[in-house]
Amino acid sequence: ICSDKTGTITEGRLHLTHVVPVGELSEEQALSLAAVAARRDSNDPLDTAIWREVERRGVLRRPPEVIETFPFTEDTRRETAIVREHDRGGSPEERVIAVTKGSPEVIVPMAQLEGRERQACTDRVADLAAEGHKIIACAWRRLDRDSWTGTEPEHGYRLAGLLAFEDPVREGVAHAIDACRQAGIHTIMVTGDHPITARGVAREVCFGDDAPVVI
């Protein structure tokens, strides 16, 4: 039996469970930046989970004005928004920033990080993924409105943080997999998630006698 993971083995409903800010940013600031690159009216479960947490915490009371959006694609594996925001102190001064979120393997290399910071981030991603979480990274940078050419910036970002989502395993799945095993049926989980995340979920439902093989 080949079974899809999301919505079959799991509930198919993502919950944002960890916000890991980088540098001097707070969790709320990192979450607010991620929300800038998340469409509020999107059907994407990641965007929905981000905005659900934004509303629960009451952050981003004044969303910035979106100038341009570069949607997620399978090639880029990120979504970027160019926005204009007013000074938080009430000043009429404006600034234009780019915020991008997506796969850590894509976002982290786009950010300006020292060797130790980059390794610490990579280790944190691996730890969270091993627990079965789906991980995305978020980064931002300022833009010169007059010299911005209208294209999506691909470098010069500052890493804002990591967001970890959990999609709970459906009740009874582990028992069903065990029943298949006892009946001599080989069960395979199919997913597009990161291999470490896939292994964490597979281990939770006892694929491969707690030693699942990822192909």
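Just above sits the structure.
The present account deals with the structure reproduced in this document. (Residues numbered from 1 in each chain as written. Predicted model: local features only at pLDDT ≥ 70, side-chain atom pairs only at ≥ 80, totals over all residues. Heavy atoms only, no water.)

Another aspect to go through is the pattern of salt bridges. This structure, assessed with the given rule, holds 14 salt bridges. Between Glu28 and Arg57 there is a salt bridge, and its shortest N-O distance comes to 3.5 Å. With a gap of 29 residues between them, Glu28 in helix 2 (residues 27-36) and Arg57 in helix 3 (residues 45-57) connect regions that are remote in the sequence. Overall, Glu28 belongs to the partly exposed group, its relative accessible area being 36%. Overall, the relative accessible area of 27% leaves Arg57 in the partly exposed class. The closest approach of N and O atoms between Glu79 and Arg39, which form a salt bridge, is 2.9 Å. One end of the pair, Glu79, is in strand 4 (residues 78-86); the other, Arg39, is in the loop between helix 2 and helix 3, and 40 residues separate them in sequence. With relative accessibility at 4%, the residue Glu79 sits in the buried group. What makes Arg39 partly exposed here is its relative accessible area of 38%. (Salt bridge = Lys/Arg side-chain N within 4 Å of Asp/Glu carboxyl O. Helix = DSSP H or I, 4+ residues; strand = E, 2+ residues; numbered from the N terminus. Buried < 20%, exposed > 50% of the residue type's maximum accessible area, 1.4 Å probe, protein only.)

This next bit is on the packing of helix 5 (residues 115-130) against helix 7 (residues 195-204). Taken N-terminus to C-terminus, the directions of helix 5 and helix 7 make an angle of 30 degrees; their axes are 7 Å apart at the nearest point. Regarding the angle of helix 5 to helix 7, the classification is roughly parallel. Two secondary-structure elements touch here, helix 5 through Ala126, Ala129 and Ala130 and helix 7 through Ile196, Thr197, Gly200 and Arg203. Each residue belonging to the contact of helix 5 with helix 7 can be placed in one class, and the counts come to four nonpolar, two polar and one charged. (Axes fitted to C-alpha atoms, helices over the stretch in contact; angles between N-to-C directions. Parallel < 35°, antiparallel > 145°, perpendicular 65-115°, else oblique. Contact = heavy atoms within 4.5 Å. Nonpolar A, V, L, I, M, F, W, Y, C, P; charged D, E, K, R; others polar.)

Here we take up the nonpolar core. Ranked by size, the top nonpolar core spans 28 residues in total, and within it Leu31, Leu33, Ile50, Val54, Val99, Leu163 and Phe165 carry the most contacts. For this core, the element with the most residues is helix 2, which contributes six residues. In this structure, Val99 is in contact with Leu33, Val36, Ala37, Glu79, Thr80, Ala81, Cys138, Ala139 and Trp140, ignoring residues within four places of it in sequence. Within the second largest apolar cluster, 24 residues are counted, among which are Val106, Val108, Ile135 and Tyr157. (Core = buried A, V, L, I, M, F, W, Y, C linked by side-chain atoms within 4.5 Å.)

Right, let's talk about helix 3 for a bit. With 13 residues, helix 3 ought to run about 18 Å at 1.5 Å a step, and its terminal C-alpha atoms sit 18 Å apart, in line with that. Along helix 3, the positions that sit buried rather than exposed are Leu46, Asp47, Ala49, Ile50, Trp51, Glu53 and Val54. The residue sitting at the N-terminus of helix 3 and contributing the capping side-chain oxygen is Asp44; that oxygen lies 2.7 Å from the backbone nitrogen of Leu46. (Expected span 1.5 Å × (residues − 1). Polar contact = N/O pair within 3.5 Å; in protein donor to acceptor, adjacent residues only side chain to side chain.)

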